[in-house]
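# Structural characterization, general
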Amino acid sequence: MINQSEQSGAGRCCAGVEVREVDVLVIGAGQAGLSAAYHLKRLGADFAVLDADQRPGGAWQHRWHTLTMADVHGVASLPGMELPEHDPRVPARDVVPDYFTRYEERFGLPVIRPVRVDRVAGESSGNLLVDTDLGRWRARALINATGTWRTPFLPYYPGQETFRGRQLHTANYEGPEAFRGRRVVVVGGGASAVQILGELAPLASTLWVTRRPPVWRTAEFDPEAGRAAVALVEERVRRGLPPQSVVSVTGLQLRPQERRAEELGAYRREPMFASIEPDGVRWADGRFEPADVIIWATGFRPSVGHLAPLRLREESGGIRLIARLDQHTPTTAARDQRIQFVGYGPSASTIGANRAGRVAALAALRSVEAATQPVVA
């Protein structure tokens, strides 16, 4: 790996500000970013990877310590290197970052960290200018692999600021022990809410609240069902709609470690409350439930604010992606084909991220090739 002081094709802009230049810049070194980097390296590309974290591991390093490898919904091996055998009882935030570290080292991937990307804009030359907290980069193509971890979604309900207890998002959840003996309201209908309730129910009083009734999956989740689910998510990004998580179309399923919580009634869901009061939550019909803690398991949004100057969003609110090289893997921004997305929409799963990484790398290099072709008079 290269460190922050190393440069790739350094140049200087007219104002005297140092600009580091590459053909392709990858933003983010999680599963999707590393997959794209692997293929760029294999193809001999001139590229660099900018990552905001202090160390390898992507979002996995931030997950709660009681989330073990037995709890996660599967981690696909990165291309070229199998995920090693591991004890299922070990925290995922230890296993996966260690794997990512050895992966970066094995393939000599040019990851620079920690670097925060603030802004990406186009230049009149056709290149992209990328501003970071550690300087400026210029690239002919960009692969965005920033995921969602840094943009948790926290909805607002009347009275939220008056609550005297503790409120936290799943991004800040560190395990169940801190909530022993407490009255905890868990908000959200996704897999994280189910997992957290499974941990909390044996040692705390819990109440599950969701906007819509949860959809439980009873049939086996085979490869065909997985492909159908990904296709539904993929259709949204092809239409420029905000992406949904894969679990939103696959449905929820309890695992053996959550059966005790089920016996305790943790999965008897209540509809969404109307307001929050200093000591609890209240529904529109006047019913009140006391609470010490509210955990917002309300998901995340794509971390794409740095791309705002490029105006990639459709009127519908999402970024429309098209497939340039693989009919089944849309990674290219419809409004700017210099920009590739991995870990967005259907490629947010670890398996999808691997496939998208390869497609995005090839599409990015095609953009570079087109940009460097001489103009014929």
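For the structure, check the block above.
Quick look at the structure, then.

So, about the pairing of strand β7 (residues 135–144). Of all 10 residues in β7, seven are buried, a share of seventy percent or more. Bridge analysis of strand β2 (residues 18–27) against β7 gives eight bridges, and the strand direction is parallel. Bridge pairing in β7 links Arg 20 to Trp 137. Note that strand β6 (residues 128–132) and β7 share five bridges and pair antiparallel.

Remark: helix α1 (residues 31–42) packs on helix α7 (residues 350–371), axes separated minimally by 7 Å, with the N-to-C direction vectors making an angle of 45°. As far as their axial angle goes, α7 and α1 are oblique. Considering how the two elements wind past one another, α1 and α7 form a crossing that is right-handed. The segment α1 lies against α7, with Gln 31, Ala 32, Ser 35, Ala 36, His 39 and Leu 40 engaging Thr 350, Ala 353, Asn 354, Gly 357, Arg 358, Ala 361 and Leu 365. Here the contact of α1 with α7 is built from residues that sort into six nonpolar, six polar and one charged.

A few words on the sheet that holds strand β11 (residues 269–271). Overall, parallel pairing links the five strands, which are arranged β8-β15-β9-β10-β11 in an open sheet. The sheet terminates laterally at β8 (166–169) and β11, the two strands that pair on one side only. Sheet twist, expressed as the mean angle between neighbouring strand axes with direction ignored, is 25°. Where strand β10 (residues 205–210) meets β11, three bridges bridge the pair, whose relative direction is parallel.

With that settled, the discussion passes to the sheet that holds strand β13 (residues 280–282). Sheet architecture is open: three strands sit in the order β12-β13-β14, paired in antiparallel fashion. One side of each edge strand has no neighbouring strand; the edge strands of this open sheet are β12 (275–277) and β14 (288–290). For this sheet, the mean inter-axis angle between neighbouring strands, taken without regard to orientation, is 25°. Sheet topology places β13 next to β14; three bridges connect them, and they run antiparallel. Looking at β14, one finds that Arg 282 is bridged to Phe 288.

If you look at the biggest cluster of nonpolar residues, it comprises 61 residues, and the most contacted ones within it are Ile 143 and Ile 295. Not counting residues up to four positions away in its chain, the partners in contact with Ile 295 are Leu 168, Thr 170, Tyr 173, Phe 179, Val 184, Val 185, Val 186, Val 187, Ile 196 and Leu 200. Among the nonpolar cores identified, the runner-up in size contains 25 residues, and Ala 48, Leu 50, Leu 142 and Val 237 belong to it.

Its location among the elements puts His 306 in the loop between β15 (293–296) and β16 (321–322). Taking the relative accessible area as the measure of exposure, His 306 reaches 8% and is therefore buried. Only 2.7 Å separates the side chain of His 306 from the side chain of Asn 144, close enough to count as a polar contact. For His 306, the contacting residues outside a window of four places in its chain are Ile 27, Val 117, Asp 118, Arg 119, Val 120, Asn 144 and Thr 146.

Looking now at the packing of α1 against helix α2 (residues 92–107). Running from N to C, α1 and α2 cross one another at 15°; their axes reach a closest spacing of 11 Å. As summarised for this structure, α1 and α2 are arranged roughly parallel, according to the angle between their axes. Every pair of crossing elements has a handedness; the one defined by α1 and α2 is left-handed. On α2, the residues that touch Gln 31, Leu 34, Tyr 38 and Lys 41 of α1 are Phe 100, Tyr 103, Glu 104 and Phe 107. Looking at side-chain class alone, the contact of α1 with α2 contains five nonpolar, one polar and two charged residues.

The rules we used
Residues numbered from 1 in each chain as written. Predicted model: local features only at pLDDT ≥ 70, side-chain atom pairs only at ≥ 80, totals over all residues. Heavy atoms only, no water. Buried < 20%, exposed > 50% of the residue type's maximum accessible area, 1.4 Å probe, protein only. Helix = DSSP H or I, 4+ residues; strand = E, 2+ residues; numbered from the N terminus. Pairing = 2+ DSSP bridges. Axes fitted to C-alpha atoms, helices over the stretch in contact; angles between N-to-C directions. Parallel < 35°, antiparallel > 145°, perpendicular 65-115°, else oblique. Left-handed = near helix turned anticlockwise from the far one by under 90°. Contact = heavy atoms within 4.5 Å. Nonpolar A, V, L, I, M, F, W, Y, C, P; charged D, E, K, R; others polar. Core = buried A, V, L, I, M, F, W, Y, C linked by side-chain atoms within 4.5 Å. Polar contact = N/O pair within 3.5 Å; in protein donor to acceptor, adjacent residues only side chain to side chain.

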